[in-house]
Amino acid sequence: MFENKFYPSENNPEKDPLLILFGFVGSNERVMNKYKECWKGFNVFIFTPPCDMTIYLMRVGGRIFNKRLNKYYKNNPNASKTIYIHGLSIGASFISGYLKQLELDKNGKYGYLLSYIKGIVMDSGLVLTHHDAITGFKSAIREKVGSIGSIIQYAVPMFKPFIKYFCKHDVPYLFKNNYHFLVIYSECDEYFPGASESLIQRLNETDKKSNFNQRIIIEQKFNSKHIEHLKYNRNEYFESIINFIKITNK
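Rules used in this analysis
- Chains are numbered independently. Their residues run from 1 in the order of the written sequence.
- Where local features are concerned, this predicted model is filtered to residues with pLDDT of at least 70; where side-chain atom pairs are given and counted, the filter is 80 or more; whole-chain, interface and lining totals use all residues.
- Side-chain metrics in this entry use all non-hydrogen atoms of the structure; hydrogen atoms and water are not considered.
- The working definition used for a salt bridge is a side-chain nitrogen of Lys or Arg within 4 Å of a carboxyl oxygen of Asp or Glu.
- Under the scheme used here, helices are H or I runs from DSSP no shorter than 4 residues and strands are E runs no shorter than 2 residues, and both carry numbers assigned from the N terminus.
- Exposure categories follow from relative accessible area, calculated using a 1.4 Å probe and restricted to protein chains: below 20% of the type maximum is buried, above 50% is exposed, and the middle band is partly exposed.
- Here a cavity denotes a set of grid points, spaced 1 Å apart and computed over the protein atoms alone, in which a 1.4 Å probe fits but from which it cannot get out, and a pocket denotes an open set meeting protein on both sides within 12 Å along at least five of seven lines; residues with an atom within 4 Å of a point are reported as lining.
- Grid points are joined across faces, edges and corners, and a volume is the space filled by probe spheres set on the points.
- Think of it as three bins: nonpolar holds Ala, Val, Leu, Ile, Met, Phe, Trp, Tyr, Cys and Pro, charged holds Asp, Glu, Lys and Arg, and polar takes everything else, Gly as well.
- Centres within 6.5 Å are what make two rings of Phe, Tyr or Trp a pair, Trp counting through its six-membered ring; a difference in plane orientation under 30 degrees is then read as stacked, over 60 as edge-to-face, and the rest as tilted.
- For a ring to carry a charge above it, either NZ of a lysine or CZ of an arginine must fall within 6 Å of the ring centroid while also lying within 35 degrees of the normal to the ring plane.

A.B. asks: I would appreciate a short explanation of the pattern of salt bridges in the present structure.
C.D. replies: Pairs can form between side chains of opposite charge once their charged atoms are near each other. Under the defined criterion, the tally for this structure stands at 6 salt bridges. D170 is the partner of R59 in a salt bridge, and the nearest nitrogen-oxygen pair spans 2.5 Å. One end of the pair, R59, is in helix α2 (residues 56–75); the other, D170, is in the loop between α6 (160–169) and β6 (180–186), with 111 residues separating them in the sequence. Between E187 and K221 there is a salt bridge, with the nearest N and O atoms lying 3.2 Å from each other. Residue E187 is found in the loop between β6 and α7 (195–210), and its partner K221 is found in strand β7 (residues 217–222); the two are separated by 34 residues along the sequence. Residue E187 is classed as exposed on the basis of its relative accessible area, which comes to 57%. Accessibility expressed as a relative area gives 43% for K221, which makes it partly exposed. Taken together, the shared-partner salt bridges connect R59, K100 and D170 into one network.

Structural data, given as structure tokens:
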């Protein structure tokens, strides 16, 4: 359930930067390898968080992953201190909870990892409100599970307290520390329509309130459906990643 895999860079694994790739529900190694190819010259950790509307398993998964990541740096003292994070759908939503765990551990064993994070790529996520999250989960269940999904979807509101807590207490950690962002989305997203636009707006509002103007926010908009942007726009997708790295990794 909490399996994560490490793929060393083909260039200089001892000194190349690190990518943390958070996958989407149902993603397999073949699919994730396609996203990994976007990050040439990077060591890559792939972790797909569970689709857990109680949030509990996501917390457990985050702690397990942090242990693995900490072990990586302890075993490789000369490793690059540059980390990028790329989240896909539920993996993008997982990022804020993951950052919260690091932030709360600021003076502990894993807090040092926060200063390594250079940029975050959000593909087809995240939602900022529990209403949008519940609506999206119901839509996804109806489409992915089939006819029985039309019945299961009615159970989703039962998890409202957990989702509401996550949106209120975890999502704000995404806006701390002035991370740079590449937001990949589409107006054709049938699960979370408008979510990415709301994220960009919230980032801009946060910077305006704090009078901070050094955060880099790049939008990459496609006409493909939820989590299908790489599949149908491969060249443009690759170029957006390469451009984001060039601008932010200085």
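Structure shown, so let's carry the discussion forward.
A.B. asks: I'm lost on empty space enclosed by the protein in this one. Help?
C.D. replies: Applying the stated criterion to the full structure yields 1 cavity of 30 Å³ or more. Each pocket or cavity is described by its volume, and for the largest cavity that value is around 50 Å³. Residue lining of the largest cavity: S124, G125, Y185, S186, D189, F192, G194, A195, S196 and E197, and that is the complete set. Taken together, the elements giving at least two residues each to the lining of the largest cavity come down to β6 and α7. By residue number, the principal contributor to the lining of the largest cavity is α7, which donates 3 residues. A per-class count over the lining of the largest cavity returns 3 nonpolar, 5 polar and 2 charged.

A.B. asks: Mind showing me how you'd approach the packing of aromatic side chains here?
C.D. replies: Think of a pair of aromatic rings as described by two things: how far the centres are apart, and how the planes are tilted against each other in angle. Under the criterion given, the structure shown has 22 aromatic pairs. With 5.3 Å between their ring centres and 50° between their planes, F6 and Y72 make a pair best called tilted. Residue F6 is located in strand β1 (residues 4–7), and its partner Y72 is located in helix α2; the two are separated by 66 residues in the primary sequence. Judged by its relative accessible area of 27%, F6 is partly exposed. With 5.5 Å between their ring centres and 35° between their planes, F47 and F65 make a pair best called tilted. One end of the pair, F47, is in strand β3 (residues 43–47); the other, F65, is in helix α2, with 18 residues separating them in the sequence. Three or more aromatic residues link up through ring pairs in this structure, and these residues are F6, F22, F45, F47, F65, Y72, Y73, F94, Y98, Y112 and Y116. One cation-aromatic arrangement involves K36 over Y7; the distance from NZ or CZ to the ring centre is 4.7 Å. In this structure, R234 packs its charged tip against the face of F238, placed 4.4 Å from the ring centre.

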